[in-house]
Structures are given as structure tokens and as C-alpha cells.
Amino acid sequence: IVEFIIDEFWITTAMHSRWNDPQSNLFAATEFGLGIGGRMGLVGDDALNMGLKVAARMQSYLPRLGIADEAGQKAASDYFESCSKVLNTAVDARQFLFGQRPSLIDFCVFTGYYAHQYRDAGAAQQFLKIQTPQLSYYLDNLHAGFGLPDRGELALTDRCVDYLKAIGPAGAEFAQNTESRAEELLVKKYAGDSVDSPLDAFTVSLHGQPLTRGSSIFSAWKLQRVRDVYAKLDAQQRNQVSELAADIGWLKFLDNPPNYRLERVNHLTMLM
């Protein structure tokens, strides 16, 4: 669930903090210029202009992500800050989400934060450094990689559950809308061909603030992976997970699979 939310939904906050913040925007454009332009042999203003072209392309996605207007931007910013404050209480330099050593959930969270909000020079980075110092230590530790503990028991903590409750309901609402719109599109249009396609925009609530953004069939396939893991649990495990899923707003999603099956074949999403 966290992998899906971070990979498919947290991008709303990441794209907002990067491209709607002038300082982060220029930092990222310069980085793109150094990277892409550098590989093309470009330097100076030529490299920067290449980076600005990439930046313009990235900014063209903001309307689809619901962050081209002031209301969506405020919703995304407040959601990022409130969820980060909760996460700040669950981790620190020596405490990972499930215990004394990192696991998959930690690297999902790290991926969502580090490349954009934590690395970009801008307001989001300053917020994390000043308002969430334990989260910042945690991200630095994961980035260092070497020297991390590889022993110790893993277990779900109350503070980790608090974080899941903070990100869970909006992620579940996004998931349910994605699947319902995917089903509508698939029934109308497709049978056996590649179905990679954008889905119409819908509105979800970010801690009470509305955000309107689109999704994709690829996102629906990722949700299918979440439900597949749930389906493989034995009865005892499923009872435990169902209780947690109810607490974080995901039980309705897990218990109501759609009437379609998707597969990935040669990097394409197929209706089976």
C-alpha cells in the first residue's frame, strides 16, 4: 500500500514542491541541464536552456496532477507537511518504520522524499530540515546506505500505524477512483489489446482539502499487485491485515476486486 501511495500518489506533492516553487524549479532545471545537456556536450547557457526545455515539459503535467491552481497547490502542500510531521514521530537516525533495521517500506518512503523534496533546494527542503529533523536524519541514513544494520526483529509500531493513517485514506480514495474509472474505460473500449491510457480526472480529499487529478491504467495494474499480496495471505495473516487496513482506510478497497485482470507484457499493460 505504501509503495503504491508513494509511487503513484505522492508524485502530486513532489511535482508541486519542485515545479511550483521558483527556487526548486530553477535548481531542478539546472540539474537537468547538467545531466542531459552534459551528455550532449552542452555547457553554460546551452546546457541551462536544455534543462529549461525539460522543465517546461515536466510542468505541462501539473494540470493533470491537480496542482496547476491555487486550491490544488495548497492541498498538496498541506498534505505533504502534515504527513511529514507524523512520519517525523515514527522514525529517526536509528529507528526505521518496522524496527531497528530498514525494510522495503523504508526504501519506498525514501524514494518518495529524497529525489524531490529533500534534495531540491527550496521551501520543501527547508521545511523538512527545520520542522522534521528526525525524518531528515532518517533520510540521510538511508541515503548513506553502508553501515545500516542488517539484524534485528521487524514489527509494526503504533507510530508507524499513525503514519499509515495519515497517508492511507487519501491513497485509498485515489485507488478506488482509479479502479472504477479503469473498469469503465476497459468495458467500453478494450479487449485483448494494449490498454495503457490516461484516466479522466477525479477529486480526492487531502485531509479535508479537495484535489482534482487524473490517474492511469498503469496505476490500476499497480493496485492489482497490492490486492494480489492480500489474496495470498493465510487466514490468520488476513485477519491481522484486515484490522490494520480498516484503521488506515483500505479494507473496502481490498475486499472489492474489480471485474477485470491486467498483465504487463513487454512493458505494456494488457487486458486479460
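Look up a bit, the structure's there.
Here is what the cut-offs are and how they apply
- Residues numbered from 1 in each chain as written.
- Predicted model: local features only at pLDDT ≥ 70, side-chain atom pairs only at ≥ 80, totals over all residues.
- Heavy atoms only, no water.
- Helix = DSSP H or I, 4+ residues; strand = E, 2+ residues; numbered from the N terminus.
- Buried < 20%, exposed > 50% of the residue type's maximum accessible area, 1.4 Å probe, protein only.
- Contact = heavy atoms within 4.5 Å.
- Pairing = 2+ DSSP bridges.
- Axes fitted to C-alpha atoms, helices over the stretch in contact; angles between N-to-C directions.
- Parallel < 35°, antiparallel > 145°, perpendicular 65-115°, else oblique.
- Left-handed = near helix turned anticlockwise from the far one by under 90°.

(A) Quick peek at unusual backbone geometry. With a phi angle near 50°, H207 is a residue other than glycine that sits in the positive phi range. Tracing the sequence through the fold places H207 in the loop between β1 (198–206) and β2 (209–216). The exposure class assigned to H207 is partly exposed, which follows from its relative accessible area of 46%. A positive phi angle is found at N266, which is not glycine, with a value near 50°. Mapping N266 onto the fold places it in the loop between β3 (262–265) and β4 (268–271).

(B) Layout of the environment of L135. With respect to the secondary-structure elements, L135 resides in helix α8 (residues 133–144). Taking C-alpha positions, L135 is 35 Å from R181, a pair spaced 46 residues apart along the chain. Those residues in contact with L135 that lie beyond four places of it in its chain are S84, L87, N88, V91, Y113 and L128.

(C) Structural context of the pairing of β4. In this sheet, β4 lies alongside β3 in antiparallel orientation, the contact comprising four bridges. Within β4, the position partnered with R264 by the bridge is T269.

(D) Spotlight on the packing of helix α1 (residues 2–9) against helix α6 (residues 104–118). Closest axis-to-axis distance for the α1/α6 pair is 9 Å, and the angle between their directions is 10°. Accordingly, the angle class assigned to the pair α1 and α6 is roughly parallel. Relative to α6, the crossing made by α1 is left-handed. On α6, the residues that touch V2, E3 and I6 of α1 are I105, C108, V109 and G112.

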